Amino acid sequence: MVMTTAEKSAFANLVTPGQPLFDRIRAAFSHVMTSRSSAPPAVPVPTPEEAISIAKTYAQAVEQIYELGNLKPGWNSYKAGPIGEKAQKRAVDFLLPFHALVPSLPAPAIFPTSDGGVGMRWRMATKARGYLDLELIFFDGHGEYSFDFADDNDLLAEGRISDAPSFLTDVRKHLSPYAAA
Amino acid sequence: LTADAPIPAVGARLTAGTLYRRVSNTHMQWDLASGRPTKGAFRPDKDRYGQLEEGVSFFLASLTTPEAVLNGHDGYGLVSVDITELLALAKVKKETVAVKFDPSTDGAAGPAHCYVEGLYGPMQKALAKQLAKVVVSASPEQASGVKAPEQDEDS
């Protein structure tokens, strides 16, 4: 497949991963992972400087989501078509409320999927089991998530996404056993 | 093509042999840290008309070569998958997977094209981590207009 210079630039931009703030990612999710009480967990509050820096990562992520619309048919060297406009909107509609819920968490890496979806991935280091990937994919009609440790052969969990608060509940449910990791 | 390799009937279900799949050198399909493909490398395509393909494209190794599969895709990686191992693991995971011979005229490896049906999340993960053997590593350098960036945690 041969790409034009403009397409190369667009692709290089959209495949740029999220920000290198993985200690903060772990910290941002830790309240979700460690709280076992029924009371709402305390949400870490970033400093003003951190908040500005993190907000920029979300602005960049939203831009990358819309840049996915520039991909031409066959972009994966097989038969992948364009990324759905509804999928892009669904992804943005999830991402911004999610940022409001977990303000100290930097934006995820954004990527297209060959079945027309918008993918997001947070990768965080754990002490005991290596890297944990939280991957979300938004399609025109629905959203899916999966959690897995990079070194495992099996998925830890997978499911559907309804909205940002429900997703956080699922994160808490599935990852609490690994809070100490 | 390998001169003496038997050619299956079109649509035949394969239960033995080796498959190739090329994988782009982008972070959504290739993990530079581990030197292996990601789950995303084994998702089906939704084509330009919005039709979701029933399977994921592979190429029957006995009817092609790594060079033919990678032809025109500099920098891409290539993995091989043993069909018997794939079907055995699918059975263990209670996933319904089938390998069907589906030759085409697309590209140098088209006559060896196969579809693997039933690759959902658990099998995508198993392929990425366990089943797929790396034949050619994807290049971290820009190729075919696509660059694999550094891993998230290192960038």
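Below or above, wherever it landed, is the structure these notes cover. Just so it is clear, the model here is predicted, and its values are computed rather than measured.

1. Let's talk about the packing of helix H4 (residues 85–101) of chain A against helix H5 (residues 164–175) of chain A
Residues and elements named next belong to chain A.
- Relative orientation of the contacting elements H4 and H5 amounts to 60°, with a least axis distance of 9 Å. The angle between H4 and H5 falls in the class oblique. Relative to H5, the crossing made by H4 is right-handed. Across from Phe-94, Pro-97, Phe-98 and Leu-101 in H4, the residues of H5 making contact are Ala-164, Pro-165, Phe-167 and Leu-168.
- A class-by-class count of the residues in the contact of H4 with H5 yields eight nonpolar, no polar and no charged.

2. Quick notes on the sheet that holds strand E2 (residues 118–126) of chain A
All names here are of chain A.
- Taken in spatial order, the five strands line up as E1-E2-E3-E4-E5 in an open sheet, and their pairing is antiparallel. Of all strands in the sheet, those bounded by a partner on one side alone are strand E1 (109–112) and strand E5 (157–161). Going from strand to strand, the sheet's axes swing by 20° on average, the running direction of each strand aside.
- Relative to E2, E1 is paired through four bridges, and the arrangement is antiparallel. Within the sheet, the bridge partner assigned to Ile-110 lies in E2 and is Met-120.
- Across the sheet, H4 touches E2, strand E3 (130–138), strand E4 (143–149) and E5, and the angle it forms with E2 is around 40°.

3. So, the nonpolar core
- Ranked by size, the top nonpolar core spans 41 residues in total, and within it B:Leu86 and B:Leu119 carry the most contacts.
- Counting only elements with at least two residues in this core, the list comes to strand E1 (18–23), strand E4 (55–60), helix H1 (66–70), strand E5 (77–82), helix H2 (83–92), strand E6 (98–101), strand E7 (113–117) and helix H3 (121–131) of chain B.
- Looking at this core element by element, the count peaks at five residues for H3(B).
- Residues contacting B:Leu86, with those up to four places away along its chain left out, are B:Val81, B:Val97, B:Val99, B:Val116, B:Leu119, B:Met123, B:Leu127 and B:Leu131.
- Grouped together as the second largest cluster of nonpolar side chains are 40 residues, A:Ala91, A:Leu105, A:Tyr145 and A:Ala164 included.

Conventions and cut-offs
- Residues numbered from 1 in each chain as written.
- Chains lettered and ligands numbered in written order.
- Predicted model: local features only at pLDDT ≥ 70, side-chain atom pairs only at ≥ 80, totals over all residues.
- Heavy atoms only, no water.
- Axes fitted to C-alpha atoms, helices over the stretch in contact; angles between N-to-C directions.
- Helix = DSSP H or I, 4+ residues; strand = E, 2+ residues; numbered from the N terminus.
- Parallel < 35°, antiparallel > 145°, perpendicular 65-115°, else oblique.
- Left-handed = near helix turned anticlockwise from the far one by under 90°.
- Contact = heavy atoms within 4.5 Å.
- Nonpolar A, V, L, I, M, F, W, Y, C, P; charged D, E, K, R; others polar.
- Pairing = 2+ DSSP bridges.
- Core = buried A, V, L, I, M, F, W, Y, C linked by side-chain atoms within 4.5 Å.
- Buried < 20%, exposed > 50% of the residue type's maximum accessible area, 1.4 Å probe, protein only.

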